[in-house]
Amino acid sequence: MTREEWFNSLFTRLGNSQFRSRFHLSGKDIEYIEVKGIDTIREHARDFIAKREAPAVIPNDGKQTPMRGHPVFVAQHATATCCRECIRKWHGFTPGRELSPIQQEYLVDVIMCWIEKELERNRKS
């Protein structure tokens, strides 16, 4: 399966989830992205994944990602990159092991793909 096929499959499955599909960027989130720029948002996503998801042991796993307050947090819940259990279930990464740099970058790419889709959706409305 190519990366594009995997992403299409993943986003179809996420879209079919009643919980995941209810997340959308707010006007405030979109404004924040426009002010900071997409490259800065990607850096924030990298930082959040590295600090909150990548360690092998996360003491507050399942509670480390707020539901709002930053566009990346919203995207993490929409893309099931919010905790190690969701990452295991949706992305197949084993909990209890530190995420590799490649795994971390994959999660960042998923988050950013969702954010870009949301920005496009908002441009059309």
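Above this text sits the structure in question.
Everything in this summary refers to the structure shown in the same document. Only a predicted model underlies this, so the values are computations on that prediction, with no experimental measurement involved.

Here is what the cut-offs are and how they apply
- Residues numbered from 1 in each chain as written.
- Predicted model: local features only at pLDDT ≥ 70, side-chain atom pairs only at ≥ 80, totals over all residues.
- Heavy atoms only, no water.
- Helix = DSSP H or I, 4+ residues; strand = E, 2+ residues; numbered from the N terminus.
- Buried < 20%, exposed > 50% of the residue type's maximum accessible area, 1.4 Å probe, protein only.
- Lys, Arg positive; Asp, Glu negative; His and termini not counted.
- Salt bridge = Lys/Arg side-chain N within 4 Å of Asp/Glu carboxyl O.
- Polar contact = N/O pair within 3.5 Å; in protein donor to acceptor, adjacent residues only side chain to side chain.
- Contact = heavy atoms within 4.5 Å.
- Phe/Tyr/Trp six-rings, centres within 6.5 Å; stacked < 30°, edge-to-face > 60°.
- Lys NZ or Arg CZ within 6 Å of the ring centre and 35° of its normal.

Description of the side chain of E53
Topologically, E53 is positioned in helix α3 (residues 38–53). As a buried residue without a salt bridge, E53 has its nearest oppositely charged side chain in R84, at a separation of 5.8 Å. A polar atom in the side chain of E53 sits 3.0 Å from the side chain of Q64. In this view, E53 contacts F48, I58, Q64, T65, Q76, T81, C82, C83, R84, I87 and L99; residues no more than four positions away in its chain are not counted.

Structural notes on the pattern of salt bridges
By the definition in use, this model includes 9 salt bridges. With a closest N to O distance of 2.5 Å, E85 and R88 form a salt bridge. Pair noted here: E85 and R88 are both in helix α5 (residues 84–91), with a separation of 3 residues, about one helical turn. Overall, R88 belongs to the partly exposed group, its relative accessible area being 37%. The salt bridge partner of R121 is E118, with a shortest N-O separation of 3.2 Å. Placement of both R121 and E118 in helix α6 (residues 101–124) is noted, with a separation of 3 residues, approximately one turn of the helix. Using a relative accessible area of 5% as the deciding quantity, one classes E118 as buried. Connected through shared salt-bridge partners, R3, R42, E43, R46, E105 and D109 make up one network.

Some words on the packing of aromatic side chains
On inspection of all chains with the given rule, the structure shows 5 aromatic pairs. Measuring from centroid to centroid gives 6.1 Å for F7 and F11, while their planes differ by 55°, and the two rings are tilted. Of this pair, F7 and F11 are both found in helix α1 (residues 3–16), 4 residues apart, which corresponds to roughly one turn of the helix. Judged by centre distance (5.6 Å) and plane angle (70°), the rings of F93 and Y106 are edge-to-face. Here F93, found in the loop between α5 and α6, pairs with Y106, found in helix α6; they are 13 residues apart in sequence, far enough to count as distant. A residue is classified by how much of its surface remains accessible, and F93, at 12% relative accessible area, is buried. Residue Y106 is classed as buried on the basis of its relative accessible area, which comes to 12%. Among the aromatic residues, those joined into a cluster by ring pairs are F7, F11, F93 and Y106. Residue placement shows R52 over the ring face of F48; its charged tip is 5.3 Å from the ring centre. Directly above the aromatic system of F11 lies the positively charged group of K117, at a separation of 5.2 Å from the ring centroid.

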